[in-house]
Amino acid sequence: MYLVILLISGAATALPLIFNNVFFISWMSMIPLFWVCYRKGPRFRWFMMFGAGYFGLSYHWFTEMYPLDFAGFGKFTGAIAVAVCWIGLALLQTLWISLSAPLMRLCAPLKNKCGRWIYPFYAAAVWTFIEWTMTKTWLGVPFSRLALTQSGCLPMIQSASIFGSLFISFLIVAVNAMLAVGFTAVKTEKKERGNKSPNNRVSNVPVHAKRAKKLVPGETAETSKPRSSVRTMTFSKNLFVVAAAVIIITNYSFGIMRMAFYETGDNTLRAAVIQGNISSSEKWESLTASDALEKYIALSETAAEDCEPDIIVWPETVINVDLTYYESYAVKIEQLAVETEAVILVGAFDTETSYDDEENRIVSTYNAVYAFFPDGTAASLPYYKRKLVPFGEYMPMKKVIGTILPILSDMNLTGSDLTPGTDSNVFETSAGKIGSLICFDSIYEQLARDSVLDGAQLLVLSTNDSWYGDSSAVTLHHSHAVLRATESGRYIVRAASTGISSVISPTGQKITSLGVNEEGYIYGDVEMKSDKTLFIVFGDVFVLFCAALIMTGAVMTAVPRVGKLRSNIGEKFKSAKVKRENKEKKENSD
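From a predicted model like this one, the values you see are computed outputs, not experimental measurements.

**Focus: the overall build of the chain**
Each helix and strand counted, the chain has 19 helices and 13 strands in total. Within the span of the chain, comprising 590 residues, buried residues form 52% of the whole. When the accessible surface of the chain is summed, it comes to about 26800 Å², and 59% of that surface belongs to carbon and sulfur atoms.

Laid out in structure tokens, this is it:
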């Protein structure tokens, strides 16, 4: 029964990732998970079932990619590939989050020493730490982070500007765990009252003692004193509910204040976003790079006449060739920059050739953003995408996975693995310093932080979300940009091939946007910001607090065990010594 409830609990928690207007569900939907962990102890299977519901539903959008015809799959092989991606990624994420169980067991001594009030905080610390580790390897893609459930309520995510989006996850888990402990108190109270029933026990109290005081049903003279403990239990339960409410109200109030008092300066520019609505299948099959270029030039010229932008942004790999090789394409874009008097950022490919020590030729291909300036020049070095999509842009553990699941090898449309970039490469322009992110980069908060630390005053995000169709993944991916804007305190100009394109303020508000499968352009005024949020300055320092809490629990678990082990070893040595002495005495007596 517990497993079914936890499966439903996980699915309910994921609902705001699909319908962001039901964000409030996440503040209570995890109660069953932390209730059963509190009552029965954290177990691997509890988290497995919760994770199956949560990640299984949040990654259901893989079905929208069927039949993967842009990758050349047939209907049968496409169905297999979709199933492998959906089930495989959900399973990986579930296994990863299930590591919370052993870590929570390490923290159990904290509850014994510090009382049950510590439970919600170390449960939240463990969850937050596990989410942070997901950013450190391709196995733990943080695409469905818990904080994203609050993207539908902007005041709730403003505290990410202080401690990052992981802090939002911490608050959600802490509130759920507090309510779970409070609910446990109710169950305990009812159980105690049930045990005090006259039908369940034999009273040894004399009849005249019972007559001395009128007793309430279920109470004897012997058990009347513990009634105060029942009231204490009820009061404690209420305190947990009050504490949870205080956390929610405080977080929401801070968000309201930050959004209300946020001021826009005078250093504003106009940014235009071009959305040509060219899908992946068109880009790689029917439409040539030249056709795409002409379409985007025409839309850019129209936008320039309409709004006179200072910056024009095109989506990720909208020109699916190497612009350093196809110089005629680059010349056309340079001319466009001169004509529109705007900085133009273009998604395309770049290749570099090098040789190893044995003179073997090595070709590195990058997913890049080029910058073209109004004076007819271009940036000397493009920005290279730093986080590549596993199986889409490179094959992790190529020999192993290629052997076990060769079908995944065919999903890489470039034909070979791309090379990731290594730095933020902020563009120095006449308008100011512009930092770039490409698609998958935007789900990693550290990359946006690095760009701002390197001087970026504005963040530009180029992406191609046409793979997702019009599924919930499009909105979910856009929600990451909302979090990055809030964390970094920077405007984000987001250009998507088929939507959602948008201009996002530093408080996460969409100034303007263009929906899925629409063709056209949008524009909005942005400010070149130079100040830094606390998150930019200190980064994920909050994770250190979570790690310290976990380590404290681990030490408190280890020390008694070490002491017991030493005691057992000492007893064994003492016993062996006594046996040896007895043996010597026996031999001497003989």
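**Digging into the side chain of T486**
Secondary-structure assignment places T486 in helix α17 (residues 472-488). On the basis of relative accessible area, T486 is assigned to the buried category, the value being 0%. A polar contact is formed between the side chain of T486 and the backbone oxygen of V482, at a distance of 2.9 Å. Other than its neighbours up to four places away in sequence, T486 contacts I157, Q158, A160, S161, R258, P506, T507, G508 and T533.

**Considering unusual backbone geometry**
The linkage connecting G499 with the following residue, I500, adopts the cis geometry, with an omega of 5°. Even without being a glycine, T317 presents a positive backbone phi close to 40°. With respect to the helices and strands, T317 occurs in the loop between β2 (311-313) and β3 (319-322).

**As for helix α16 (residues 445-453)**
The set of residues buried in α16 consists of E445, L447, A448, R449, S451 and V452. Of the residues trailing α16, G455 is marked for its positive phi of about 110°.

**Focus on a positive patch on the surface**
Positive charge collects at one region of the surface, where R39, K40, R43 and R45 lie side by side. Secondary-structure assignment places R45 in helix α3 (residues 44-58). Classification of R45 by relative accessible area gives partly exposed; the value is 44%.

**Side note on the environment of L534**
Secondary-structure assignment places L534 in helix α18 (residues 534-538). As a C-alpha pair, L534 and F163 span 371 residues in sequence and 7.0 Å in three-dimensional space. The contacts of L534, once residues within four sequence positions are left out, are S161, I162 and G539.

**What to know about the pairing of strand β8 (residues 433-438)**
Within a regular beta strand, the side chains point alternately toward one face of the sheet and then the other, so they alternate between its two faces. When you tally the buried positions in β8, you get five out of six residues, the bulk of the element. Looking at chain direction, strand β7 (residues 427-428) and β8 are connected through two bridges and run antiparallel. When the bridges of β8 are listed, E428 appears paired with K433. Hairpin connection from β7 to β8: four residues lie between these consecutive antiparallel strands, with G432 at a positive phi of about 140°. The sheet contact formed by β8 and strand β9 (residues 458-463) spans five bridges and is parallel. Bridge pairing in β9 links L437 to L461. Crossover connection from β8 via α16 to parallel β9: handedness right-handed.

**Examining the confidence of the model for the chain**
On average, the chain scores 85 in pLDDT, and the residues at 70 or more come to 82%. Scored below 50 in pLDDT, residues 200-213 makes twelve contacts in the model with residues more than four places away or belonging to other chains. The model gives residues 221-225 a pLDDT under 50, and that stretch makes seven contacts with residues more than four places away or in other chains.

**Things to note about the pairing of strand β4 (residues 343-355)**
The pairing of β2 with β4 spans three bridges and is parallel. Bridging from a neighbouring strand, V313 pairs with L345 of β4. Pairing of β3 with β4, which is carried by two bridges, proceeds in the parallel orientation. The residue bridging D322 from the neighbouring strand is F349, located in β4. Once the chain exits β3 it traverses helix α14 (residues 327-340) before rejoining the sheet at β4, and the crossover so formed is right-handed. Direction of pairing for β4 relative to strand β5 (residues 361-372): antiparallel, over a ladder of twelve bridges. Among the inter-strand pairings, T353 is bridged to a residue of β5, identified as V363.

**Quick notes on the sheet that holds β9**
The strand order across the open sheet formed by six strands is β7-β8-β9-β10-β11-β12, and the pairing between neighbours is mixed. In this open sheet, the two strands that pair with only one neighbour each are β7 and β12 (510-514). In this sheet, strand β10 (residues 492-496) lies alongside β9 in parallel orientation, the contact comprising five bridges. Among the inter-strand pairings, S462 is bridged to a residue of β10, identified as A495. Packing against the sheet, α16 makes contact with β8 and β9, and its axis sits at approximately 165° to β8. In the packing of α17 onto the sheet, the strands contacted are β9, β10, β11 (501-504) and β12, and the crossing angle to β10 comes to about 165°.

**With respect to the packing of helix α1 (residues 2-18) against helix α2 (residues 31-40)**
In contact at an axis separation of 9 Å, α1 and α2 are set at 145° when each is read in the N-to-C sense. Side by side, α1 and α2 meet where Y2, I5, L6 and S9 of the first sit next to P32, L33, W35, V36 and K40 of the second. Residue classes in the contact of α1 with α2 are distributed as seven nonpolar, one polar and one charged.

**A short note on the pattern of salt bridges**
Evaluated as defined, the whole model comprises twelve salt bridges. For the salt bridge of E316 with K385, the shortest nitrogen-to-oxygen distance reads 3.4 Å. Of this pair, E316 sits in the loop between β2 and β3 while K385 sits in the loop between β6 (383-384) and α15 (398-404), and the two are 69 residues apart along the sequence. With respect to burial, E316 and K385 carry one shared label: buried. A salt bridge links K529 to E527, with the nearest nitrogen and oxygen atoms 3.9 Å apart. A cluster of three or more residues bridged by salt bridges with shared partners is formed by E131, R145 and E445.

Basis of the calculations
Residues numbered from 1 in each chain as written. Predicted model: local features only at pLDDT ≥ 70, side-chain atom pairs only at ≥ 80, totals over all residues. Heavy atoms only, no water. Helix = DSSP H or I, 4+ residues; strand = E, 2+ residues; numbered from the N terminus. Buried < 20%, exposed > 50% of the residue type's maximum accessible area, 1.4 Å probe, protein only. Areas by Shrake-Rupley, 256 points an atom, 1.4 Å probe, with all protein chains shown as cover. Polar contact = N/O pair within 3.5 Å; in protein donor to acceptor, adjacent residues only side chain to side chain. Contact = heavy atoms within 4.5 Å. Patch = residues over 30% accessible without salt bridge, like charges linked within 9 Å, V, L, I, M, F, W, Y side chains within 5 Å. Salt bridge = Lys/Arg side-chain N within 4 Å of Asp/Glu carboxyl O. Lys, Arg positive; Asp, Glu negative; His and termini not counted. Charge placed at Lys NZ, Arg CZ, Asp CG, Glu CD. Pairing = 2+ DSSP bridges. Right-handed = clockwise from strand over helix to strand, strands pointing away. pLDDT = per-residue confidence, 0-100. Axes fitted to C-alpha atoms, helices over the stretch in contact; angles between N-to-C directions. Nonpolar A, V, L, I, M, F, W, Y, C, P; charged D, E, K, R; others polar.

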